[in-house]
Amino acid sequence: MTIRTRFAPSPTGDLHVGGARTALFCWLYARHCGGRCVLRIEDTDRERSTDAAVQAILDGLEWLGLDFDEGPFFQTRRMDRYREQVERLLDAGRAYRCYCTREELEAMRTAQRQRGENPRYDGRCRTRREPRPGVEPVVRFANPTEGEVVVDDIVLGESRFANAQLDDLVIARSDGTPTYNFTVVVDDLEMEITHVIRGNDHLNNTPKQINMLEALGGVRPAYAHVPMIHGADGRKLSKRHGAVAVTQFRDEGYLADALVNYLARLGWSRGDQEIFSREELVAHFDIHDVNKAASVFDTEKLAWLNQHYIKQAPAEALAPLLADQLARLGVEPAAGPPLAQAVAVQRERARTLAEMAEKSLFAYCEPEAYDEKVAAKHLTAECAPLLAALRERLVALDGWREEALDAAVRETAQAAGAKLGQLAQPLRVALTGTAASPPIDQTLALVGRERSLARMDRALARLSAGPAAS
C-alpha cells in the first residue's frame, strides 16, 4: 500500500505555527514511508476564504521547503463532484431533505437545553417525503441511530462515540453548496488518503466523517490527531504569544531550516537529539511516535536553534537574507562592505538575521549621533592623543586587513603605556556611536578605511571642541 497523506488548510488567514506543524508532519510521514503528500485547499467557505490567504499559505509552505506531490486542489473547483455524491446518498436513503426553518430549529434547541440535553437535530424530517412550500431545504446525512463508532487513533489511542449522540449533519446547504464535513469525506475518499494527520481539535468530527465515508462505500483511513501547541502560559497558541504566522518568522529573520527543525520537535522526539537535518527528519520521523500531550512553544529555544543554523550556514547563502533585512530598515547594502563579510563577523552575535541587520547598521550607514551616556564615559580628553596617534598609524597602512588593524591598535596602546581597552572603547564609540560592536579590528574592517578615518576625525573634532560639543 502506498501511504498517502494530505494537508488541507482553509484559506481564511495566514499559515500559522499549528498548521505549519501539521503540514510538516504530513510531509515527513509521507517522505519517511516513500509515499505521497497531497495539498488541498478547503475553500468552500466563500465568505471567509480569500485569494490573499491562499497565496499566504502557498508562500509559507514554499518558504518552509515543503514540496507536495499533488495539488494544490481547490474544493471550489470540485462542486459538481460533491453534488453527485449528495444525490448518491439521497438515492440510497442515507440522506434526506430537511425543510425545518431557522425559527423551528432554534425552538427545538431551546427545548433540548431546558431538558438538560445537548442540542442536536432530532431527525423530524427523516421520514418527510413532501416538499414544504416556500422553504428551500438543506440536505442532511442520516446518521446511524444505533451502535458506536470506535476511533483507534494513532496518537490519542481509542475513542468511542455513541451514534445516538451524533447529529444528522447538514451536508448541502439550501443553495446546494456542500458543507465542510462532507467535502472532506468525499475528497479523502477520492484522493485515496490512507492517513489523516490533523490537529486533535478535529477529533469530534471524526466519527461523523467515518459514518459518511462508509455510507459512500469507502474504507476509513488511519487517523492521527496531533496535540495542540500552547504558549508558555498554557493556553492555546495565539497572536498574543508573539509571531505565530510562518511568514512573520521569515520576516523577523528566522531561517526555514531552524523553524522546520523546531516544529518537528513539538510533540515528537528521538532520544535527546535536538538538531536534525531534513534528511535525518525524513529518516527517523514516524507519526506513531508523536506524543499526545500538548506542546509548548518556546521562542527562546527557537532563537537558540536559529542561531545554531546561522552559525552553520555558508555566509554567502545568508548574504541575500541579510540584504533583505537591511532593506527593511531602509538601508542600501551597496553602501557598505560585502554582505558575506558582515555575516561572518556577526554570526556569533545574532540570534536572528533581523538582529544581525540591527547590529550591522554602523557598517552600512553613518551613525546619526553618539549615545551620549557612552560618549561621556569613553570620549574623554585623555583618549584624544591615543586616537590621534592611531589615526596616523592607520593612514600609513598599506592595506586594510584585520591582522594589520589589530596590530596597529595594540601597538598604539602599548607605545602610550595604555591598556588596550583605553583605546579600543573610545575608538568603538567613534566608529559606531555605541559601546557595543564586534572586536575592534573587525569593526574597523567593516567600516572601511575612508569612513573609519572620517569618523575618527569627527570624534577628534568633538574632543577638541570641549565638553559642550555634540
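Before reading on, note that the structure itself is shown above.
Residues numbered from 1 in each chain as written. Predicted model: local features only at pLDDT ≥ 70, side-chain atom pairs only at ≥ 80, totals over all residues. Heavy atoms only, no water.

### Side note on the nonpolar core
In this structure, L61, I287 and F297 are the most contacted members of the largest nonpolar core, which totals 76 residues. The element that contributes the greatest number of residues to this core is helix α1 (residues 17–32), accounting for 10 residues. Aside from chain neighbours lying at most four places away, what touches F297 is V17, I229, H230, A232, L237, F249, Y262, L266 and L302. If you look at the next biggest cluster of nonpolar residues, it comprises 30 residues, including W400, L427, A430 and L431. (Core = buried A, V, L, I, M, F, W, Y, C linked by side-chain atoms within 4.5 Å. Buried < 20%, exposed > 50% of the residue type's maximum accessible area, 1.4 Å probe, protein only. Helix = DSSP H or I, 4+ residues; strand = E, 2+ residues; numbered from the N terminus. Contact = heavy atoms within 4.5 Å.)

### Let's talk about the pattern of salt bridges
The final tally for this structure, using the stated rule, is 36 salt bridges. Close ionic contact of E84 with R81 constitutes a salt bridge, the shortest N to O distance being 2.6 Å. With E84 and R81 both in helix α3 (residues 79–91), this residue pair falls three residues apart, about one helical turn. When its relative accessible area of 45% is taken as the criterion, E84 is described as partly exposed. R126 is the partner of D168 in a salt bridge, and the nearest nitrogen-oxygen pair spans 2.9 Å. Of this pair, D168 sits in the loop between β7 (157–162) and β8 (170–172) while R126 sits in the loop between α4 (102–114) and β5 (138–141), and the two are 42 residues apart along the sequence. Residues participating in the shared-partner salt-bridge network are R6, R40, E42, R78, R81, E84, D187, D188 and E190. (Salt bridge = Lys/Arg side-chain N within 4 Å of Asp/Glu carboxyl O.)

### Quick look at the sheet that holds strand β4 (residues 95–98)
Read from one edge of the open sheet, three strands run β4-β5-β8, paired in antiparallel fashion. Whereas interior strands pair on both sides, the edge strands pair on one side only; in this sheet they are β4 and β8. Pairs of neighbouring strands in the sheet enclose a mean axial angle of 45°, with direction left out of account. Note: β5 against β8, two bridges, orientation antiparallel. By the bridge assignment, V139 is partnered in β8 with A172. (Pairing = 2+ DSSP bridges. Axes fitted to C-alpha atoms, helices over the stretch in contact; angles between N-to-C directions.)

Shape descriptors only; they carry no functional weight alone.
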